[in-house]
Amino acid sequence: MTAITDTTALAGRILLHWRQRPGSILVGFLFPVLMVLMFGYLFGGAMAVPDGDYLDFLIPGMLAMTMLFGLEAMVVAVTTDTAKGVTERIRAMPVSATAILAGRGVADLLNAVVGLAVMVVTGLLVGWTPERGLLPSLAAFGLLLWLRFAFTWVGIYLGLLLKTPESAVAVQILVWPVGFLSSAFVSPSTMPGWLGAIGAGNPLSATATAIRDLFGNPTWGAADWASTHSVALALLWPAVLTTLFLPLAANRYRALGR
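Residue numbering note: each chain is counted from 1, following its sequence as written. This being a predicted model, a pLDDT of at least 70 is required before a residue's local features are given, and a value of 80 or more before pairs of side-chain atoms are given or counted; all residues contribute to the totals for chains, interfaces and linings. Side-chain descriptors were evaluated using all non-hydrogen atoms of the structure, hydrogens and water having been removed beforehand.

**Overview of the UniProt feature "transmembrane region" (unreviewed entry) in the chain**
Then comes step 1: UniProt positions are given in the numbering used here, feature names are shortened, and annotations may be inferred rather than shown by experiment. In the numbering adopted here, UniProt assigns the feature "transmembrane region" (unreviewed entry) to residues 23-45, 57-80, 101-126, 138-162, 169-186 and 231-250.
Then comes step 2: Helix and strand labels come from DSSP, where a helix needs a run of H or I of at least four residues and a strand needs a run of E of at least two; each type is numbered from the N terminus. Taken end to end, residues 57-80 is 100% helix and 0% strand, and its first and last C-alpha atoms sit 37 Å apart.
Then comes step 3: Helix makes up 100% of residues 231-250 and strand 0%, and the two end C-alpha atoms of the span are 29 Å apart.

What follows is the structure, given as structure tokens:
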């Protein structure tokens, strides 16, 4: 019970900090909306999706990208807390060690839910429609949050590993190749062979392809192994990332100050 209470309190602390800087939070929510408008209306005319309209292909990809965008914000937040001594002050308090990391994760998932809601409304406004009903759509949102949960632990670990907020810029730079080297915007089958193979194996590609199927939205028409087993991969990839990075984050946290 103490761990749950501590987790709730620490998650509440993060949410209060967000209330103090609504501008940056709003920009974070609206940036994916800008990308939808840019890719959907500026570049979308040049995109011919074999199975349907490009916007219907793009929106699920952008929902998956929104889960990835949270990674850089997480790294910056954790690194900033560490650099300012906030993390050490919390460690000195009678607070469950598990709750400190869990509180950060809970707050990030709440942020992800709001980000998803903004993107869903955006998609509906531009004409995107989930075609397969409520239960498959809920399953798709579950996969998206499962991916974000895994990225949360990647972000916490990298945030604890890096020394200054300025060094977190390197993560921000790396997020973009990971995002674009996926099926979020185009099919990996349109890429050169070796690059397409990497793109097809991207965790983001697995989730984007899986939720397109669950929403009943068009794919690019490629029937490779990764697309055929996309739901299984969308479950497996976050499990692997969580299994790897959650213990790394916990060990790194325990090593702070040594």
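**Notes on the nonpolar core**
Then comes step 1: Remark: nonpolar core denotes a set of buried residues (Ala, Val, Leu, Ile, Met, Phe, Trp, Tyr, Cys) joined through side-chain atoms within 4.5 Å. Throughout this description, buried means an accessible area under 20% of the type-specific maximum (1.4 Å probe, protein chains only), exposed means over 50%, and partly exposed covers the range between. Core analysis: the largest hydrophobic core is formed by 64 residues, its most contacted members being Y54, M62, L63, M65, I156 and F185.
Then comes step 2: Only α2 (22-43), α3 (54-83), α4 (86-91), α5 (97-125), α6 (134-161), α7 (169-180), α9 (203-215) and α11 (230-255) provide two or more residues apiece to this core.
Then comes step 3: In terms of residues, this core owes the most to one element, α3, which gives 16 residues.
Then comes step 4: Between two residues, a contact is recorded if the distance between any of their heavy atoms is within 4.5 Å. Filtering out sequence-adjacent residues up to four positions away, Y54 remains in contact with F39, G44, M47, V49, F185 and W220.
Then comes step 5: In terms of nonpolar packing, the next biggest core, distinct from the first, is built from six residues, I14, I25, F29 and A107 among them.

**Overview of α9**
Then comes step 1: By this rule the span expected of a helix is its residue count minus one, scaled by 1.5 Å. Counted at 1.5 Å a residue, the expected span for α9 with its 13 residues is 18 Å, and the 18 Å between its end C-alpha atoms agrees.
Then comes step 2: Residues of α9 that are buried in the fold lie against α3, α6, α7, α8 (193-200), α10 (225-228) and α11.
Then comes step 3: Here α9 starts with a cap whose side-chain oxygen sits 2.8 Å from the backbone nitrogen of L204, and that cap is N202.
Then comes step 4: One or two steps after α9, the chain reaches G216, where phi turns positive at roughly 75°. In protein, a polar contact requires one atom able to donate a hydrogen and another able to accept it; more generally it is a pair of N or O atoms within 3.5 Å, and residues adjacent in sequence count only if both atoms are side-chain atoms.

**Brief notes about a nonpolar patch on the surface**
Then comes step 1: On the surface, L15, V106 and L110 cluster together to form a nonpolar patch covering roughly 210 Å² of accessible area.
Then comes step 2: Structurally, L110 can be placed in helix α5. Distance thresholds for patches are 9 Å for like charges and 5 Å for nonpolar side chains (Val, Leu, Ile, Met, Phe, Trp, Tyr), applied to residues having over 30% relative accessible area and no salt bridge. Here, Shrake-Rupley sampling with a 1.4 Å probe gives the accessible areas, and only protein chains in the shown set may cover a residue. A pairing counts as a salt bridge when a side-chain nitrogen of Lys or Arg comes within 4 Å of a carboxyl oxygen of Asp or Glu.

**Here's the deal with the pattern of salt bridges**
Then comes step 1: Counted by the stated rule, this structure contains three salt bridges.
Then comes step 2: Across the salt bridge formed by R104 and D81, the nearest N and O atoms sit 2.5 Å from each other. With R104 in helix α5 and D81 in helix α3, the pair connects residues that are 23 residues apart, well separated along the chain.
Then comes step 3: Its salt-bridge partner being D213, residue R132 comes within 3.2 Å of it at the nearest N-O pair. One end of the pair, R132, is in the loop between α5 and α6; the other, D213, is in helix α9, and 81 residues separate them in sequence.

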